[in-house]
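What follows is the residue order along each chain.
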Amino acid sequence: RTEVPPSCAVPASAPPAPRPAPVSPVRTTVQPTRPPATDLPEGWEQHLSSQHGKFYYINTRTKETTWTRPPKPANEESDWQRRESSKYPGKFYLQNLRTGETKWT
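Cut-offs used in this document
- Residues numbered from 1 in each chain as written.
- Predicted model: local features only at pLDDT ≥ 70, side-chain atom pairs only at ≥ 80, totals over all residues.
- Heavy atoms only, no water.
- Phe/Tyr/Trp six-rings, centres within 6.5 Å; stacked < 30°, edge-to-face > 60°.
- Lys NZ or Arg CZ within 6 Å of the ring centre and 35° of its normal.
- Salt bridge = Lys/Arg side-chain N within 4 Å of Asp/Glu carboxyl O.
- Helix = DSSP H or I, 4+ residues; strand = E, 2+ residues; numbered from the N terminus.
- Buried < 20%, exposed > 50% of the residue type's maximum accessible area, 1.4 Å probe, protein only.
- Pairing = 2+ DSSP bridges.

> Let's hear about the packing of aromatic side chains: which residues, and what values?
In total, this model carries three aromatic pairs according to the counting rule given. Its guanidinium or amino end placed over the ring of Trp67, Lys54 lies 4.4 Å from that ring's centre, counting from NZ or CZ. Positioned above the aromatic ring of Phe92 is the side chain of Arg82, whose terminal nitrogen or guanidinium carbon lies 3.9 Å from the ring centre.

Here it is as structure tokens:
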């Protein structure tokens with residue numbers, strides 16, 4: 001038997017503690033203000049989840065879904081960088097920074 005310190009003991013005549021009144025859950029829906037995505041990769045669409053109140057993305061070809069926005073389509077021109085050949089000084093080539101592909105200019 002565990003001893004209860006007198007300062008913590010509840011008198012036998014104490015009324016039971018009142019129970020809080022039940023509270024009805026209040027559900028509010030906040031609509032995101034982001035406009036529809038127009039700069040998604042080809043085949044991707046943005047949808048609003050009515051259950052979660054946030055956007056998700058679906059690939060219409062593969063049926064893949066994700067909460068994470070797919071990366072913007074690469075601007076093909078900005079992926080290429082002009083570089084000088086170390087083997088042939090004065091001769092330049094292009095290197096695609098995304099794929100690693102190279103080609104002579």
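> I'd like a description of the pattern of salt bridges, backed by residues and values.
Counted by the stated rule, this structure contains one salt bridge. Of the charged contacts in the structure, one is a salt bridge between Glu42 and Arg61, with a shortest N-O distance of 3.9 Å. With Glu42 in the segment before β1 (44–48) and Arg61 in the loop between β2 (55–59) and β3 (65–66), this residue pair connects regions lying 19 residues apart in the sequence. Owing to a relative accessible area of 66%, Glu42 belongs among the exposed residues under this scheme. Residue Arg61 is classed as exposed on the basis of its relative accessible area, which comes to 56%.

> Can you break down the sheet that holds β2 residue by residue, with the values?
Ordered in space as β1-β2-β3, the three strands form an open sheet in which the pairing is antiparallel. Of all strands in the sheet, those bounded by a partner on one side alone are β1 and β3. Strand direction decides the pairing type here: β2 and β3, joined by two bridges, are antiparallel. Across the sheet, the residue bridging to Tyr57 is Thr66, located in β3.

> Describe unusual backbone geometry, with residues and values.
One non-glycine residue with positive phi stands out, namely Lys63, at about 70°. By the secondary structure assignment, Lys63 is in the loop between β2 and β3.

> How would you explain the pairing of strand β5 (residues 92–96) if you had to name every residue and give the values?
As a general feature of sheets, a regular strand has side chains that alternate between the two faces. Where strand β4 (residues 80–84) meets β5, five bridges bridge the pair, whose relative direction is antiparallel. Each bridged residue has a counterpart across the sheet, and for Glu84 the counterpart in β5 is Phe92. As paired strands, β5 and strand β6 (residues 102–104) are joined by three bridges and run antiparallel to one another. Counted as the bridge partner of Leu94 is Lys103 from β6. As consecutive antiparallel partners, β5 and β6 are separated by five residues, and within that stretch Gly100 has a phi angle of approximately 85°, a positive value.

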